[in-house]
Amino acid sequence: QATLAQDLALFSVSESFFSTTQVEEAAVANSMFCLLVGCVLAVDVGFAWSVATPLETSEDARELGEVLEAVDECRAGSSDSGQQSCGFSVVQLRGQRRSHLGTESGYEAAPAHKVGWMQSERCAGTELHELAFVVCPKSLAQLQEVALDRTNPSSPNYRKWLSRTEVSDLTRNEQGLLELRAHLRAHAPEAGILHASRDGDLLRVLAPVATWESLLSTEFFVYKHEEHNSTILRSNNYLLPGALKEHVSGVLQAINFEQFIPTTMPGIDLNTGSRDTQQPFSSASFGWANFTELQASKGPSLVSPTKLRTIYSMPAIAERGSDLAKVQAKTSQVVYGTLSQHWSPSDRTRFEEPFGIPQDNYVKQLKGQTEGFSMSGDAMCRQNPSDCAEANLDVQYMMAMSPWTQIGYWYVPKADEHGMYTFLNDFMAQFVDDDHPPQVISISYGMPEYLVSKSALVLFETLAMKLALQGTTILVASGDDGAASFLARKKLHGEECWSVPLIGLQVSWPSSSHWVTSVGATVGPASGQPEVACQSNYTGPSTDGKAPLITSGGGYSQALTKPAWQEGIHNESSRGVPDVSLLGHNFAMVVGGRWLSVDGTSASAPTLGGMLSLINSELIAVGRPTVGFLNQLLYATTSRSIFSDVTEGDNRCASLGAPCCGGYDAGPGWDAVTGMGSIDWQKLRDTIMASDV
């Protein structure tokens, strides 16, 4: 879920998140990505954790911590063209893998590397500290069974979505909540319950540290950050009481460590010179004044909304006031944002003008439970494009594909030491606990799956399943650093690709979730050439001879087993990503009043989101349920005609082509580079419209 060119770290989740867009002409300095560190241990039903050559020594941990804290040394040209010395074959990588499962249920450990957080003194015990207990659903097996049945095109129950109340009845573990509350009263009388989510998935509790130490058989310490002058209270591990193991899958805020690491992400600063940040950004020597100038400079490979509609066989924009426009206004779609990302209303209207896109639909600012405020602002986007590029891209292209659909911008504050906690709280409050969740959610952020804690992963899977049962489609960009994640671009003692032998190739999370559709990137059709994988070391005719800035992410999960709908699709035993791909190179957009082009799977995901909203409008028009979870339909043998198979390209190299740490090849059928291939909108629409008749 990959590398963004202005570096935006994904959901403020308890792990590392970074956005999946590379801004080509943005003179962006001081970009930030956050690294929120999770852990690896034993898991429950449906999860199989393993990593390659786990970090077993303090030296391993120290070195990994050093490289994650260091400024990114990898730059364009740091690897010779065609150099394969830093690459690992799939066979070699498989040979490195071995199990790293915890040995005791209910036990969870902090990562060996805490990335800048230094253990200081032992907590006094009187400090108040909030933890959140992740409560298992009433029956995980039944929840999975119902979700798979309602999203299976072969089932008579296909797309018969449940109401919010029905989902609650299916999942709320009343007995588990009662036992958890009773145990806290008996063994942690000092604890006070702050909040329980609507279905009881998460119970937030405040108590003195000494109470948590006794309850969880652990010790809490004060951790101080080396650079940011901040402190947090954390333990190195914990063990759930035996009485809670049946109903509680884990605890948040006990072993999670997070931080921001300043770095200059690749592919942004084009040496445009200094500028006065007090002046409007459009007055700087940056980008192009209008779309015509951008088009003349970028050539035929430049992607625009008009070109996307032609390439993917999409219908024309509905006329203002038409019955079709009115029906489309009954659909809903949302883009996710974080890391102080603003979207600009004036940039949106400027972007829409040359393509005849209606400008009288507005973006609704969604407000989460933990924090929410307006993240729209023209002045901010003119002062610093890094604060707007990702948000602008998502909003502009999702609206361009379905301009009459109601659209929301869901913002979660930048990830700090409480990042994952904030994200999961807001995800529940804004969507899962809502009676009418959005029909399409697009997420353009991600993190290496290795960094996701078991507790956070299990909770997100449950929440995403609940949304699937209500007819919501979740799309997630597959990442922009190929098969090895952004870690490939960092050096350890001058060595590239050090992370692969230690932790293996890394898919991006939450793109690897069972209950999202992972979206990769391609190039080619915009210039009338064959469609190939978007990769940073490709300079063929599909890109007018200029290599893309990013490499589409993909590979196999080390945390999640192969879903039923991928049986017979590939030979691995785990979840493969991506599921589908769309164009992701040379997208025209507006930032700070100026035109520029960008690359990224975070262009592909919101584009697909807008396409699905159009199909939702046709379904609603005839009284039928929304598309919902898409994957079982995509992988059905009857759906193969939807796709244009992409058989050329690979994802061995990171952004800007350096380094190349190993990966996978595109080929016939599904592959771990482009998934099932790219989609023909008209064929997808026809297949969906015929699927539940």
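Note: the structure precedes this text.
Rules and cut-offs
Residues numbered from 1 in each chain as written. Predicted model: local features only at pLDDT ≥ 70, side-chain atom pairs only at ≥ 80, totals over all residues. Heavy atoms only, no water. Helix = DSSP H or I, 4+ residues; strand = E, 2+ residues; numbered from the N terminus. Buried < 20%, exposed > 50% of the residue type's maximum accessible area, 1.4 Å probe, protein only. Contact = heavy atoms within 4.5 Å. Areas by Shrake-Rupley, 256 points an atom, 1.4 Å probe, with all protein chains shown as cover. Pairing = 2+ DSSP bridges. Axes fitted to C-alpha atoms, helices over the stretch in contact; angles between N-to-C directions. Phe/Tyr/Trp six-rings, centres within 6.5 Å; stacked < 30°, edge-to-face > 60°. Parallel < 35°, antiparallel > 145°, perpendicular 65-115°, else oblique. Left-handed = near helix turned anticlockwise from the far one by under 90°. Nonpolar A, V, L, I, M, F, W, Y, C, P; charged D, E, K, R; others polar. Arc of directions from axis to C-beta.

**Observations concerning the overall build of the chain**
Then comes step 1: Scanning the chain from terminus to terminus reveals 18 helices and 31 strands.
Then comes step 2: Residue burial in the chain is summarised as follows: out of 693 residues, 65% are buried.
Then comes step 3: For the chain, the share of sequence-separated contacts (at least 6 apart) that also reach a separation of at least 24 residues comes to 80%.
Then comes step 4: Element-wise, carbon and sulfur atoms account for 49% of the exposed surface of the chain, whose accessible area totals about 22500 Å².

**Some words on the sheet that holds strand β11 (residues 220–225)**
Then comes step 1: Taken together, three strands build an open sheet; the order of strands is β7-β11-β12 and the sheet is antiparallel. If you trace the sheet from one side to the other, it starts and ends with β7 (117–122) and β12 (231–235), each paired once. Recorded for the sheet is a direction-independent mean angle of 40 degrees between the axes of neighbouring strands.
Then comes step 2: Both β11 and β12 contribute to a ladder of five bridges, which runs antiparallel. The residue bridging Tyr-223 from the neighbouring strand is Ile-232, located in β12.

**Re the pairing of strand β8 (residues 128–135)**
Then comes step 1: When you tally the buried positions in β8, you get seven out of eight residues, the bulk of the element.
Then comes step 2: Sheet topology note: the β8/strand β14 (residues 248–252) ladder contains four bridges and is antiparallel. What sits directly across from Phe-133, in β14, is Val-251.

**Let's talk about the packing of aromatic side chains**
Then comes step 1: Using the criterion set out here, one finds 15 aromatic pairs in the structure.
Then comes step 2: Pairing Phe-355 with Trp-595 gives two aromatic rings, centres 6.1 Å apart and planes at 80 degrees, and the pair type is edge-to-face. On the criterion of sequence distance, the pair formed by Phe-355 in the loop between α10 (345–352) and β17 (363–366) and Trp-595 in strand β29 (residues 594–599) is long-range, its members being 240 residues apart.
Then comes step 3: Residue Phe-355 is classed as buried on the basis of its relative accessible area, which comes to 12%.
Then comes step 4: Residue classification places Trp-595 among the buried positions, given a relative accessible area of 2%.
Then comes step 5: Ring centres of Trp-515 and Phe-629 lie 4.8 Å apart, and the angle between their planes is 45 degrees; on these two criteria the pair is classed as tilted. Of the two residues, Trp-515 sits in the loop between β22 (508–509) and β23 (517–523) while Phe-629 sits in the loop between α16 (601–621) and α17 (631–635), which places them 114 residues apart along the sequence. A single burial state applies to Trp-515 and to Phe-629, both of which are buried.

**Regarding the packing of helix α12 (residues 389–401) against α16**
Then comes step 1: It is at 7 Å that the axes of α12 and α16 come closest, and there the two elements cross at 30 degrees. Considering their axes alone, α12 and α16 lie roughly parallel with respect to each other. In the packing of α12 onto α16, the handedness of the crossing is right-handed. On α16, the residues touching Glu-390, Leu-393, Asp-394, Tyr-397, Met-398 and Met-401 of α12 are Ser-602, Ala-603, Pro-606, Thr-607, Gly-609, Gly-610, Met-611 and Leu-614.
Then comes step 2: Taken together, the residues that form the contact of α12 with α16 break down as eight nonpolar, four polar and two charged.

**Regarding helix α4 (residues 164–171)**
Then comes step 1: Listing the buried residues of α4 in full gives Arg-164, Val-167, Ser-168, Leu-170 and Thr-171. Along α4, the residues classed as buried sweep out an arc of 160 degrees about the axis, all on the same side.

**Topic: unusual backbone geometry**
Then comes step 1: Of note, the amide linkage connecting Trp-509 to Pro-510 takes the cis form, showing an omega dihedral of 15 degrees.
Then comes step 2: Note that Pro-510 resides in the loop between β22 and β23.
Then comes step 3: Residue Pro-578 is bonded to the preceding Val-577 through a cis peptide linkage, with omega at 0 degrees.
Then comes step 4: In this structure, Pro-578 sits in the loop between β26 (574–577) and β27 (580–583).
Then comes step 5: Backbone geometry places Arg-159, a non-glycine residue, at a positive phi of 60 degrees.
Then comes step 6: Structurally, Arg-159 can be placed in the loop between α3 (140–150) and α4.
Then comes step 7: Look at Arg-159 and you get buried, because its relative accessible area is 1%.
Then comes step 8: The backbone phi angle of Ser-485 is positive, close to 75 degrees, even though this residue is not glycine.
Then comes step 9: Tracing the backbone shows Ser-485 in the loop between β21 (473–477) and α15 (499–503).

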